[in-house]
Amino acid sequence: MYVVFVSNIGGVYFFKKRGIVLYLDENYGLAVIGAGHAGIESALIAAKLGVKTVIFTMSMDFIGNCPCNPSIGGTAKGHLVREIDALGGEMAKTADKCCIQARVLNKGKGPAVHSLRMQIDRHKYAQKMKQKIEQQNYLDVKQAEIVCVLKDKNFYILKTKHGLSFKVKSVILATGTYLEGKVFIGQTCYNSGPDGTFPSMFLKKSLEEIGVKFRRFKTGTPARALKSSLDFSKMQIQLGDKDAELFSFCNLKNNVKNLSVCYITWTNEKTKDVILKNVLKSIFYTRENKAIGPRYCPSIEDKVIRFPKRKRHQIFVEPCGIKTDEMYLQGLSSSLPEDIQIEFLRTISGFENISLTRPAYAIEYDCINPICLDSTLEFSNCTGLFFAGQITGSSGYEEAAAQGIVAGINAALRVLGKPLLILKRESSYIGTLINDMTTKGVSEPYRMMTSRAEHRLILRQDNADERLIPIAKKLGLISDKRWENFLENLELKNKQMKKLKNTILSPNKEVNKKLESIGSAKINTGIKLSELLKRPEINYRTLIDLDFLNSNLPEFLCRKIEIQIKYEGYIKKQLANIKKTKKNSFRKLPKTLNYKNITGLKLEAQEKLLNSKPENIGEAAKISGVGPADIAILHVWLAKHQKQSKIL
Ligand SMILES: Cc1cc2nc3c(=O)[nH]c(=O)nc-3n(C[C@H](O)[C@H](O)[C@H](O)COP(=O)(O)OP(=O)(O)OC[C@H]3O[C@@H](n4cnc5c(N)ncnc54)[C@H](O)[C@@H]3O)c2cc1C
């Protein structure tokens, strides 16, 4: 069949085939399919690296949409947001602009697990992200459904539903929960994306033709209710933290504004009865389930079934924004029929007259097993093809954005012909997430948790800038002004650390009177301020209040200094461990070893180790289901048996 070249206007080729004008745009180096949390970070960072980029979305009105909880951050997720910020990403800055309440979780525990969580105005967040995308140089945004991706030698051809074609060097797939999306409410199910958007029903076939394999995951979200229909007098109020920091390192001198509150209530025995009586009305309890759901965000019916002895489950009632009266019912995701949802909700204290604005639903979608990706998030079989976000098997805005920024950097570096970026486990939560997913694969939606990071004491929220800003600088991802700002803060911090280590407090009446006044032990000999700061009852602020220290440093630097001094010993030990782990990863494991005989290993780890018979510790650590704790037990076993074999 004859294709006639018609014209080329500014890199857009027009061809005539059977009288139909074909449009082929060759202006872009990179195409990003998806403008969700992953695609946004990918497109912005690639454009910042000077690569002409086009980003596609099914709907311009759902760019940066938060289809689930109206919040950013939380345990381990807060760490990811800080790290994205240090790499020059956007999520932190936008969350700060849309924050309506902020809290630091796990404050009662060590600083390694302190995690910032922000309630955000989800409409404002999406609107700000849309604006950011529209205003970014080197970036064009298009509402177009991509229906196929073809490999053409060193290029990819993308086709839209309306018949346009784009020829690019690199592609990022960030289609989230849209690919073959199917929504379930009771026995009702229909093809759909989240929040009533169109699903992506054509793209999968062409991806399978270039070797991508898919499987089915699912997730769910709770109902939203009208504020006026809830009785908050029957709930516990949850306020924001006055001293919570903002997310972006560029905003740490500013204070959080807590503009709204959340509420807490609980389910009860009646709720449980209604759910148990009707659970078979959820399609996931009547048909053989192919789709795998998130272990750590279970539906309320899953919780009632999985924890039969538990009398009640905690519910957080969260505002979806300032200019909306919709409330998000955290902890109540469900796929039961809407009438049953209303029935069990009305058993909950404060929900007696509840009026739903949107029912809870579950959504199934296609995703890949990330074991087919390199630790650059490039598809191992196809150079230039990258994946990021929910399509890789992860779950959560933060996990998606973290992958998005790395995929964006690497797809751009691929177009520029430069070496790609690999973030090591010991550098960041992002590095840990990608290493976990691409070396172990995932058997259910992957949610980041602090327990996944064996190096968590050095991967804290407060030092993400020191760990990643130098990498961002080297790649040209941050401005010179930001770099100078970072160096200035680093110098201020190091100078003050030195001062604390070199200032000796001498034992005198006045000093000891002050120490006694705060219930701290008297000193008999001179003591360094840094040693004094290690006392549990003393923190950085105390040293200032007792006039032992003169300091007008901003709060965030005081916090950094306090953590680095108080945990100095543990941090040193963890750094030494990293060195040792690297060295020990080559320790051999006997092929004939019966892991069932090693006490303390998780059941899942015993099974997986027996199946794969790893050569050495390093290989064992790569097996999905074998965690840092299991590796530690193997080290103990090896040490004991090597000693015994020496004796024998
Ligand atoms: C119902 C529901 C419940 C959830 N519950 C939780 C939870 O409890 N906990 C949790 O951590 N996370 C939850 N999430 C997940 C969270 O929303 C996602 O992790 C996050 O949105 C993923 O971001 P993403 O960028 O990968 O994809 P998304 O935000 O889904 O964005 C995908 C983008 O791809 C575009 N797109 C798709 N196909 C095409 C195509 N063919 N052509 C052009 N554009 C296309 C879409 O328009 C959209 O812009 C839930 C999501 C949903 C939908």
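Residues numbered from 1 in each chain as written. Predicted model: local features only at pLDDT ≥ 70, side-chain atom pairs only at ≥ 80, totals over all residues. Heavy atoms only, no water.

**Some remarks on the sheet that holds strand 5 (residues 53–57)**
Stated precisely, the cut-off is as follows: Paired strands, as defined in this entry, are two strands with at least two bridges between them according to DSSP. A run of H or I in DSSP counts as a helix once it spans at least four residues, and a run of E counts as a strand once it spans at least two, with each numbered from the N terminus. Lines are fitted to the C-alpha atoms to define the axes, a helix being fitted only along its stretch in contact, and any angle between axes, read from their N-to-C directions, falls within 0 to 180 degrees. We call two residues in contact when some of their heavy atoms are within 4.5 Å.
What the five strands build is an open sheet, ordered 9-5-4-13-24; its pairing is parallel. Taken across any chain shown, the strands that pair with only one partner, and hence form the sheet edges, are strand 9 (139–143) and strand 24 (385–387). In this sheet, neighbouring strand axes are inclined to one another by 20° on average, regardless of whether the strands run parallel or antiparallel. Taken together, the four bridges between strand 4 (residues 30–33) and strand 5 define a ladder with parallel strand orientation. Bridge assignment links Val32 to a residue of strand 5, and that residue is Ile55. Contacts from helix 1 (residues 37–48) reach strand 4, strand 5, strand 9 and strand 13 (170–173) within the one sheet, and its direction differs from that of strand 5 by about 165°. On the sheet, helix 9 (residues 397–415) packs against strand 4, strand 13 and strand 24 and is oriented at approximately 165° with respect to strand 13.

**What to know about helix 16 (residues 555–566)**
Working note: α-helix, 3.6 residues per turn, so residues spaced by three or four point in the same direction. The test is simple: To estimate how far a helix should extend, the number of its residues minus one is multiplied by 1.5 Å. Throughout, exposure labels follow a simple rule: accessible area from a 1.4 Å probe, protein chains only, divided by the maximum for the residue type, with under 20% read as buried, over 50% as exposed, and the rest as partly exposed.
An ideal rise of 1.5 Å per residue puts 16 Å on twelve residues; helix 16 measures up with 16 Å between its terminal C-alpha atoms. Residues Phe556, Leu557, Cys558, Lys560, Ile561, Ile563, Gln564 and Ile565 constitute the buried set of helix 16. Structurally, helix 16 contributes buried residues whose contacts are with helix 11 (464–475), helix 12 (480–502), helix 14 (529–533), helix 15 (540–545) and helix 17 (568–584).

**What about the pattern of salt bridges?**
Convention followed: Definition used for salt bridges: Asp or Glu carboxyl oxygen within 4 Å of a side-chain nitrogen of Lys or Arg.
Considering all chains together, one arrives at 38 salt bridges under this definition. The residue Arg216 makes a salt bridge to Glu364 at a minimum N-O spacing of 3.1 Å. Of this pair, Arg216 sits in strand 16 (residues 215–221) while Glu364 sits in strand 23 (residues 361–367), placing them 148 residues apart in sequence. Look at Arg216 and you get buried, because its relative accessible area is 19%. For Arg559, the salt bridge goes to Glu245, with nearest N and O atoms at 2.8 Å. Of this pair, Arg559 sits in helix 16 while Glu245 sits in the loop between strand 18 (236–238) and strand 19 (262–266), and the two are 314 residues apart along the sequence. We classify Glu245 as buried; its relative accessible area is 15%. Several salt bridges converge on common partners, so that one network encompasses Arg122, Asp195, Glu326 and Arg358.

**Observations concerning the layout of surface pockets**
Applicable threshold: Only protein atoms enter the calculation, which uses a 1 Å grid: trapped sets of points that fit a 1.4 Å probe without letting it out are cavities, open sets showing protein on both sides within 12 Å along at least five of seven lines are pockets, and any residue with an atom within 4 Å of a point is a lining residue. Grid points are joined across faces, edges and corners, and a volume is the space filled by probe spheres set on the points. Polarity classes work like this: nonpolar for Ala, Val, Leu, Ile, Met, Phe, Trp, Tyr, Cys and Pro, charged for Asp, Glu, Lys and Arg, and polar for all others, with Gly in that last group.
What the second largest pocket holds in volume is close to 1100 Å³. If you go around the second largest pocket, you meet 37 residues; those closest to its centre are Arg425, Glu454, His455, Thr581 and Ala621. At the level of elements, helix 10 (429–440), helix 17, helix 19 (617–621) and helix 20 (628–647) are the ones that each hand at least two residues to the lining of the second largest pocket. Ranked by residues supplied to the lining of the second largest pocket, first place goes to helix 17 with seven residues. A per-class count over the lining of the second largest pocket returns twelve nonpolar, 15 polar and ten charged.

**Concerning unusual backbone geometry**
Even without glycine at this site, Glu180 takes up a positive phi of about 55°. Unlike most non-glycine residues, Asp195 shows phi in positive territory, near 50°. Structurally, Asp195 can be placed in the loop between strand 15 (188–191) and helix 5 (203–209).

**Considering the environment of Met235**
With respect to the element layout, Met235 can be found in the loop between strand 17 (224–226) and strand 18. A sequence separation of 29 residues divides Met235 from Ile264, and the C-alpha atoms of the two residues are 5.6 Å apart. In this view, Met235 contacts Leu230, Tyr263, Ile264, Thr265, Val317, Ser349, Gly350 and Phe351; residues no more than four positions away in its chain are not counted.

**Quick word on helix 18 (residues 603–612)**
To be explicit about the condition: Working definition: the arc comes from the directions between the helix axis and the C-beta atoms, pointing outward to the latter.
Those residues of helix 18 not exposed but buried are Ala605, Gln606 and Leu609. Down the axis of helix 18, the buried side of the element spans an arc of 100°, and every buried residue falls inside it. Seen from the buried face of helix 18, the exposed residues on the opposite side, beyond 90 degrees, are Leu603 and Asn611. At the C-terminal side of helix 18, Lys613 shows a positive phi close to 45°.

**Some remarks on the domain arrangement of the protein chain**
Here is the rule we go by: In this entry, domain limits derive from an automatic or database-based domain assignment.
Assigned domains of the protein chain: these are domain 1 (30–91 + 115–215 + 369–464), domain 2 (221–364), domain 3 (490–560) and domain 4 (585–645). Using only C-alpha atoms to locate each centre, domain 3 and domain 4 end up separated by 45 Å.

**Here's the deal with the site of the ligand**
Counted only if it meets this: For this description, a residue counts as near a given molecule or strand if any of its non-hydrogen atoms is within 4 Å of it. Here a polar contact is taken to be a pair of N or O atoms separated by no more than 3.5 Å, where protein atoms must pair a possible hydrogen donor with a possible acceptor and residues adjacent in sequence count only if both atoms sit in side chains. Surface exposure here means Shrake-Rupley accessible area, sampled with a 1.4 Å probe, where a residue is shielded only by the protein chains that are shown.
Near the ligand there are 35 residues, and of these Ala38, Met58, Ile146, Gln390 and Gly396 occur at the shortest range. A distance of 2.9 Å separates a nitrogen atom of the ligand from a polar atom in the side chain of Ser200. For the ligand, whose free accessible area comes to 980 Å², the fraction covered by protein is 97%. Counting only elements with at least two residues in the shell around the ligand, the list comes to helix 1, strand 5, strand 16, strand 23 and helix 9. In terms of residues, the shell around the ligand owes the most to one element, strand 16, which gives three residues. Of the residues belonging to the shell around the ligand, the class tally is 18 nonpolar, 15 polar and two charged. Split by domain, the shell around the ligand shows at least three residues from each of two domains, domain 1 (30–91 + 115–215 + 369–464) and domain 2 (221–364).

**Focus on the pairing of strand 4**
The condition that has to hold: Note on handedness: a clockwise path from strand one over the helix to strand two, with the strands aimed away from the viewer, defines a right-handed crossover.
A two-sided burial pattern is seen for strand 4, the buried positions comprising Leu30 and Val32 on one face and Ala31 and Ile33 on the other. Chirality of the crossover, the property in question, places the unit of strand 4, helix 1 and strand 5 among those that are right-handed. Here four bridges tie strand 4 to strand 13, and the two strands are oriented parallel to one another. Residue pairing across strands places Leu30 opposite Ser170, the latter belonging to strand 13.

**With respect to empty space enclosed by the protein**
A full pass over the atoms with the stated rule returns one cavity of 30 Å³ or more. Size it by volume and the largest cavity reaches roughly 40 Å³. Lining the largest cavity are Asp465, Glu466, Phe486, Asn489, Leu490, Lys493, Leu557 and Lys560. Contributions of two or more residues to the lining of the largest cavity are made by helix 11, helix 12 and helix 16. With four residues, helix 12 is the largest single contributor of residues to the lining of the largest cavity.

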